[in-house]
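Coordinates in review
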Amino acid sequence: MMVQTVRLPRQGTATAPALMLVQIASLQAGSAVAKEAYASIGPSALAGMRLFFSAVILWLLVRPSLRRVTAVQWRAVILLGLVFAAMNVAYFQAISRLPIGVAATVELLGPLALSIALSRRLEHLAVALLALAGVLLLTGPGASLSAAGLVLGGAAALCRAGYVVLSRRVGRLFPDWTGLALALACGACVLTPVSAVTDGVTVAAHPAVLLTGLLVALLSSLIPYALDMTVLRRIDARAFGVLLALSPAVAAAVGFLLLREQLTVRQLAAIALVVLAGACSVRRAGRPAALEARPDTPDS
């Protein structure tokens, strides 16, 4: 069966940077709320609640019709759902061992590598490499950071790259929020039972953490994912990946203001390089990229 890829007008691409800033602020605020709750509940439990509440809320709002979903669409949302589950666990485990600003910077390795791979112009490559230099400065020899945290951050980075590609794909296969609702539901079906087995007793002993999980779901899942899909319908994956370079500065500020997390001079310098790359990319994010010149090849 042929699937018509959704192609939206290029109008509004200039708003992509502003939408990304809202996404980043919401996501990092949710991460801070989650980390503050780690004294009573573990990262895996919060990751499970985050996906579960997000899936339930969006399902009730969208009420997707499963009979209209094709095999091609199902493959895309199932893959995105698996990435959601893995990315949530990896990132929430990473921020339990690293400052939020550092974890956000390490997670950027995935989107930055994707940006470099998709670069077709010298200036695109230069911006992505500048951001990558910041990440390498942060994680290179001599950095006093948790090795386990860096490994988990690297896993989150790999998942993040897959998320960018698959989220854009799902956004183009569905004209509304059905794809995101189904993907979140698939991820919740995988992760929530695992979290229930490993942390169900703890959650039962501290029922108030369910409200924390709901807040984290709103701040770090529903709002950011919806904005991501909106932005990815307007700009290509390369521009999106570089715009994410703005997240470490926001994460560092949130970590300092809400969690009193202190960063070293080296860590601040590394984050500054990444943010500079993001700032350089803003003026180009609204331009139609070469990859948008032709529609995706329909699957059968």
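Nothing here was measured: the structure is a model prediction, and the numbers come from that model. (Residues numbered from 1 in each chain as written. Predicted model: local features only at pLDDT ≥ 70, side-chain atom pairs only at ≥ 80, totals over all residues. Heavy atoms only, no water.)

Any two side chains of opposite charge can pair if their charged atoms end up close together. Applying the stated criterion across every chain, the model contains 1 salt bridge. Between Glu-261 and Lys-35 there is a salt bridge; the shortest N-O distance is 2.6 Å. Placement of the pair is Glu-261 in the loop between α11 (247–259) and α12 (265–285) and Lys-35 in helix α1 (residues 16–36), with a sequence separation of 226 residues. Under the relative-accessibility criterion, Glu-261 is labelled buried at 14%. (Salt bridge = Lys/Arg side-chain N within 4 Å of Asp/Glu carboxyl O. Helix = DSSP H or I, 4+ residues; strand = E, 2+ residues; numbered from the N terminus. Buried < 20%, exposed > 50% of the residue type's maximum accessible area, 1.4 Å probe, protein only.)

This next bit is on the confidence of the model for the protein chain. Scored by pLDDT, the protein chain has a mean of 82; 85% of the residues are at 70 or more. Least confident of the elements in the protein chain is helix α10 (residues 237–243), whose mean pLDDT is 70; most confident is helix α3 (residues 71–95), at 95. In this model residues 1–11 is a low-confidence stretch, pLDDT under 50, and it forms 29 contacts with partners more than four residues away in sequence or in other chains. Predicted confidence is poor over residues 285–300, with pLDDT under 50, and the contacts of this stretch with residues over four places away or in other chains come to 32 contacts. (pLDDT = per-residue confidence, 0-100. Contact = heavy atoms within 4.5 Å.)

Let us now look at empty space enclosed by the protein. Under the criterion given, the structure shown has 3 cavities of 30 Å³ or more. Computed from the structure, the largest cavity encloses a volume of approximately 80 Å³. Lining the largest cavity, in full, are Gln-23, Ile-24, Leu-27, Gln-28, Ala-104, Glu-107, Leu-108, Pro-111, Arg-160, Leu-244 and Ser-247. Contributing elements (two or more residues each) for the lining of the largest cavity: α1 and α4 (100–107). Of all the elements, α1 adds the most residues to the lining of the largest cavity, at 4 residues. Within the lining of the largest cavity, the residues separate by chemical class into 6 nonpolar, 3 polar and 2 charged. Residue lining of the second largest cavity: Leu-27, Arg-50, Met-87, Asn-88, Tyr-91, Glu-107, Arg-160 and Tyr-225, and that is the complete set. (1 Å grid on protein atoms, 1.4 Å probe; cavity = no way out; pocket = protein on both sides within 12 Å on 5 of 7 lines; lining within 4 Å. Points joined across faces, edges and corners; volume = space filled by probe spheres on them. Nonpolar A, V, L, I, M, F, W, Y, C, P; charged D, E, K, R; others polar.)

What follows is about the nonpolar core. With 83 residues, the main nonpolar core has Phe-84, Phe-92 and Leu-184 as its most contacted residues. The element that contributes the greatest number of residues to this core is α3, accounting for 12 residues. Beyond its immediate sequence surroundings of up to four residues, Leu-184 is in contact with Leu-51, Ser-54, Ala-55, Leu-58, Phe-84, Leu-222 and Tyr-225. (Core = buried A, V, L, I, M, F, W, Y, C linked by side-chain atoms within 4.5 Å.)

For the coordinates displayed, the defined rule picks out 4 aromatic pairs. Judged by centre distance (5.7 Å) and plane angle (50 degrees), the ring pair of Phe-84 and Tyr-163 falls under tilted. Taken as a pair, Phe-84 in helix α3 and Tyr-163 in helix α7 (residues 147–173) lie far apart in primary sequence, 79 residues in all. Comparing Phe-84 with Tyr-163 shows no difference in burial state: the two are buried. (Phe/Tyr/Trp six-rings, centres within 6.5 Å; stacked < 30°, edge-to-face > 60°.)

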